[in-house]
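One letter stands for each residue in the lines below.
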Amino acid sequence: MSVSVRLKQHQFEIYAPLFVQRPPPTCRKPAHCLRLVGLSVCARAAAVTLILPYALKGMQRFTTPFIYLLWLHLICSMDHRGSCSVLQPPMASIGPLQADSDGLSLSLSWRVNHSDSARHVYEIQILRAGSHAVVYDRNLSLPPVESDAYKWTWTSDVPLKCVDHSARVRQFYNRSVPSPWSNWVTNYGALAQDKTQIFPSQEVLRENTSAVFCCLPKRRDNVTKMTFNNREYPLLGFGASRVKAITVHNLSIPKTFIKRHAVSCSNARGQIGHTFNYVSFPPQKPRNLRCAISDMVNVVCRWDPGRWRDLYDRNKQIHTLHVDNWDQGPVVCAWSSCTFPAAPQREHYNISVVVKNQLGEETESYSFNVSDRVFPLVEVVRVSPDVSHAIVSWAVRGDLTRLDFFCQVATEPGSITWRSCKSGLCQVRLEHLLPNSCYSMRVRCSSSRTFWGDWTQPVSFTTYPMVTLDVWRRIKRLSDPNTRQVTLLWTVHVPGSAAPVNIQGYVVQWSQGGQNQTESKGGGHTWAEVILDAGQHDITVQAVVTGYAVPAHITVPRSDDEGTVPATKRLSSNAAAGFNLSWRHADSATCGYTVEWCILGCALPCTTVQWLKVPEGNNTLVLSPRHFKAGCRYTFNIYECTEKGHRLLAVQTGYSQELRFVKSPRLIEPVQRTSSSVMLEWSYSEDDPAHPGFITGYLVTAQEVGADPFNVSVADPGRKSVSVDGLQQNQEYVFSVSALTEGGPGEPTRVTIRTSTNYSTPLAKILPPVLLLLGCAVLAWPQRKMLKQIFAYPAGMNINPPELDSFLFETAERLQAQEVEQCSSCAVEVLITTPPVGGPEPRPGSLPRPPLHTDYCPQSVTVLLDRPVRQSITNETYLLTRDTFCESQNF
């Protein structure tokens, strides 16, 4: 036995004389040991005095000192204002360890000593088998509990099934005196089997956390590799245990159809074991929790569930609603709403919504007074539409007769209409609706204008159509001056576009001769012809339709009040802006103006008429070009509307866009011509409405063969002739005539004409040379013998005149082609054709030999000799004798 004595900060332990030597720090047989702690000064001194001598002498006997020491202990065990302390606290009694369902939480429980009401301090140690390492060692300060045991939970980072875990606990009295440790209590892991086991397996893991996966191989086997989603991780060991593990950080929810991760392990032989685990997130705390009652029978609570959860998430959530002081237990709820029956005569409720899944639990509370949370439930009974309004009836469900309601009726498209009513049937009239239009309406009500009930489901309805007619007339005079044929034309206008309107027919009414006339037309007709006299008549046309049809009126004026046809005004074309019509303001126009034109434009006769009404006070109208055809002339008749009928006010014509491809004019032949001018005449109908543009003139083009053309313009469309001057005589010219529009020249008409010859000019050029030659001949006549000798052929020469002429012509052509700078020499030799005095006579058949000047050289010898001389020239002495060559030039 040992005795512990504490003096100030020092503690001494004295053991029984049973042990010869000092025993180990822990006495293994508590029955042989006694420890006294917390003694007072006197007690400690007495204990030391009694026990120390025995300890020094070996303690042969210890009975008497032991009795004295026990007596001092009993005295000091009494409470003397803290002068003495109590005995060491008893050893805690720990119960079996319990592993929670998550496989990571370990619950400890031990008995509680209720001797003190202060907070108790416990030290807990948890040991992991294999490595025999203490993985948890902490002091816990726990408040007193009413039960007989404490319960504490520890969460492991390694699955509990991987290895064994042991726990023990001891208590500290007054935060300083420890009790003996409790016995170790062990939670055993899984045992090796005939197949490899992986933990955790088929579990739901928390997102964005780290997880440890362990592999327990089968008997007599070892783990060599572990992978997570086919990626190998470093192995972790647990001492001598064959269990291996890996750590995976920051787990994420897979984006695959099935939200799971694969874990596998293999041995040295490559045998693989694998499993799957799922990743999810803990429950979200309900937000915006609110409750209401609509029929005073059931209370409906709704909330925002927070983060959306995948439909294939294995971490299924459970929503339950708890009501305080309610004997019916929790209510299982839907994802974002819950309904529970209201208790009779109960006004105030305290509720809480609990959301729980495998990863945790969240709770949200809410308190309310049911009288302030009345949300009336509305049911639409009937919608009765008309042309421009509808009557809506609805009812409020439940026994809410004591309450007044404010209801809203919303139309789409449209606005919101307010209506106050009591419980029962309510009704409202919706005004300002469009005919033949689709609408949808909803209703909701409130008892306080603060908390509104839900909108009803939209109810669709269609207003009735309202058919209006736009009537026009065309008047044709007949052979009888007192009879007119009036053609009535009308177009149908149905506001709205909900559905096509089935028009069954039309009724035309007018009065003549004091009697009312009526004519019916089928639904497919849009015109009617009536024969009227020369008086004024009011005509009414009305459609026959299911719904409402507005009758249309038009007045046919007296035959002598139709007005005269005014002059036609031309409109300038504008392809981008269309037609811009304007006319003078008429004071007599009391109901506006009507503009009439033929849809087909220039086509005659006009079978389809279009008209447009212009309100009173406006005297301009712009018509878009997309409704008109380019190159087609349109005539607009503008009528003023008076009380006595429509009267013609102005006529305007024009093109939306003028084109250039008009027909070619027809030339009138024969064409008058001279040696220097041509007079062209043509025929053309410049006012033909079939033209694709207004004729603004003509373009005449003249072109000489091989020369550039020149133009002559005619600006007056009525002028159909032009004289083209300044031409060359006896030359061919191509003339073309085309009509001009704003778009340019049209198709031309062409003709080829040769100008005549002017003989006076050649005669004036020929007569002076002829007269000069005649004068020279008269003067040379006395010298005719000498000239004969000069130009006569020498005797014996054989000259072929045609070939000589051809040779001379070619030689002359070559000589004319030479330029001055190409001559090899510019020296001129003078030949004297008369023989010298006293010289020898020439031989018969040869030319006289002229004297040769040494500075002479023929200028064109090289030109003559660069090609062979024709063989037909047999006597070369006719041109040059051998002696006449220039010896100095070696010819």
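The model shown is predicted, which means the values in this text are computed figures rather than measured ones. (Residues numbered from 1 in each chain as written. Predicted model: local features only at pLDDT ≥ 70, side-chain atom pairs only at ≥ 80, totals over all residues. Heavy atoms only, no water.)

**Remarks on the overall build of the protein**
- Broken down by element type, the protein carries six helices and 57 strands.
- In the protein, which comprises 891 residues, the proportion classed as buried is 37%.
- Counting contacts in the protein only where the partners sit at least 6 residues apart, residues at least 24 apart contribute 62% of the total.
- Surface summary for the protein: the accessible area is close to 53,300 Å², and the carbon and sulfur share equals 53%. (Helix = DSSP H or I, 4+ residues; strand = E, 2+ residues; numbered from the N terminus. Buried < 20%, exposed > 50% of the residue type's maximum accessible area, 1.4 Å probe, protein only. Contact = heavy atoms within 4.5 Å. Areas by Shrake-Rupley, 256 points an atom, 1.4 Å probe, with all protein chains shown as cover.)

**Brief notes about the side chain of Ser107**
- With respect to the secondary-structure elements, Ser107 resides in strand E4 (residues 105-111).
- Within the structure, the side chain of Ser107 is placed 3.5 Å from the side chain of Asp100, a separation counted as a polar contact.
- Contacts of Ser107, omitting those with residues within four sequence positions, involve Pro96, Leu97, Gln98, Asp100, Lys151, Trp152 and Thr153. (Polar contact = N/O pair within 3.5 Å; in protein donor to acceptor, adjacent residues only side chain to side chain.)

**Details of the nonpolar core**
- In this structure, Leu321, Phe340, Ile351, Phe368 and Trp394 are the most contacted members of the largest nonpolar core, which totals 42 residues.
- Val508, Ile539, Tyr639 and Val651 belong to the second largest nonpolar core, which has 28 residues in total. (Core = buried A, V, L, I, M, F, W, Y, C linked by side-chain atoms within 4.5 Å.)

**Focus: the state of the cysteines**
- For the structure on display, the rule yields eight disulfides.
- Residue pairing for Cys591: its cysteine sulfur links by disulfide to Cys641, the two sulfurs lying 1.7 Å apart. Looking down the S-S bond of the Cys591 and Cys641 bridge, the torsion is -90 degrees, so its handedness is left-handed. One end of the pair, Cys591, is in the loop between strand E43 (579-582) and strand E44 (593-598); the other, Cys641, is in strand E47 (residues 633-642), and 50 residues separate them in sequence. (Disulfide = S-S within 2.5 Å.)

**A few points about the pairing of strand E19 (residues 272-280)**
- Relative to E19, strand E12 (residues 204-206) runs parallel, the two being bridged by three bridges. The partner of Leu205 across the bridge, within E19, is Val279.
- Note: strand E18 (residues 260-266) against E19, seven bridges, orientation antiparallel. Following the sheet pairing, Ser264 is matched in E19 by His274. (Pairing = 2+ DSSP bridges.)

**Observations concerning the side chain of Asp313**
- One can find Asp313 in the loop between strand E21 (298-304) and strand E22 (318-323).
- Looking at Asp313, its side chain comes within polar contact range of the side chain of Arg309, at 3.2 Å.
- Within polar-contact distance, the side chain of Asp313 engages the backbone nitrogen of Asn315 at 2.9 Å.
- When residues no more than four places from it in sequence are discounted, the contact partners of Asp313 are Ser280 and Phe281.

**Points about the pairing of strand E34 (residues 466-477)**
- Summarising the sheet, E34 and strand E40 (residues 548-550) pair through three bridges and their orientation is parallel. Residue pairing across strands places Val467 opposite Ala549, the latter belonging to E40.
- When E34 meets strand E35 (residues 483-493), the two strands line up antiparallel, connected through ten bridges. Paired with Val471 across the bridge in E35 is Trp490.
- If you look at the hairpin formed by E34 and E35, you'll find five residues sitting between the two strands.

**Comments concerning the sheet that holds strand E26 (residues 360-369)**
- Taken in spatial order, the four strands of this open sheet run E23-E22-E25-E26, and their pairing is antiparallel. Only two strands of the sheet have a single partner each, and these edge strands are strand E23 (331-332) and E26.
- Summarising the sheet, E22 and E23 pair through two bridges and their orientation is antiparallel. Opposite Thr320, over in E23, you have Val332 as the bridge partner.

**Things to note about the environment of Gly693**
- Along the chain, Gly693 turns up in the loop between strand E51 (678-683) and strand E52 (697-704).
- Relative accessible area serves as the criterion here: at 0%, Gly693 is assigned to the buried category.
- Between the C-alpha atom of Gly693 and that of Cys632, which follows or precedes it by 61 residues, the distance is 7.5 Å.
- Among all residues touching Gly693, those that are not within four sequence positions of it are Arg633, Tyr655, Glu658, Leu659 and Thr741.

**As for the sheet that holds strand E15 (residues 231-232)**
- With mixed pairing, five strands are arranged side by side in an open sheet as E12-E19-E18-E14-E15. Since the sheet does not close on itself, it has two edges, and those belong to E12 and E15, each with one partner.
- Relative to E18, strand E14 (residues 225-228) is paired through four bridges, and the arrangement is antiparallel. Bridged to Phe228 within E18 is Val263.

**With respect to the packing of aromatic side chains**
- Throughout the structure, instances matching the rule amount to 28 aromatic pairs.
- An angle of 80 degrees between the planes, with centres 4.9 Å apart, marks the rings of Phe579 and Phe628 as edge-to-face. With Phe579 in strand E43 and Phe628 in the loop between strand E46 (620-623) and E47, this residue pair connects regions lying 49 residues apart in the sequence. In this structure, Phe579 and Phe628 share a single accessibility class: buried. (Phe/Tyr/Trp six-rings, centres within 6.5 Å; stacked < 30°, edge-to-face > 60°.)

**Comments concerning the confidence of the model for the protein**
- In the predicted model, the protein carries a mean pLDDT of 79, and 77% of its residues have values of at least 70.
- Here residues 70-86 is modelled with pLDDT under 50, and outside its nearest four sequence neighbours on either side it reaches 24 contacts, counting other chains as well. (pLDDT = per-residue confidence, 0-100.)

**Points about the environment of Arg302**
- Mapped onto the elements, Arg302 comes out in strand E21.
- Residue contacts for Arg302: discarding those within four places in its chain leaves Asn288, Leu289, Arg290, Ser336, Ser337 and Asp454.

**Observations regarding a nonpolar patch on the surface**
- On the surface, Leu763, Ile766, Leu767, Val770, Leu771 and Leu774 cluster together to form a nonpolar patch covering roughly 560 Å² of accessible area.
- Looking at the element boundaries, Leu771 is found in helix H3 (residues 760-780). (Patch = residues over 30% accessible without salt bridge, like charges linked within 9 Å, V, L, I, M, F, W, Y side chains within 5 Å. Salt bridge = Lys/Arg side-chain N within 4 Å of Asp/Glu carboxyl O.)

**Topic: unusual backbone geometry**
- Of the consecutive residues Phe199 and Pro200, the connecting peptide bond is found in the cis state with omega at -10 degrees.
- Tracing the chain through its elements places Pro200 in the loop between strand E11 (197-199) and E12.
- The amide bond that connects Glu669 to the next residue, Pro670, takes the cis arrangement and shows omega of 0 degrees.
- Among the structural elements, Pro670 can be located in the loop between strand E49 (666-667) and strand E50 (672-673).

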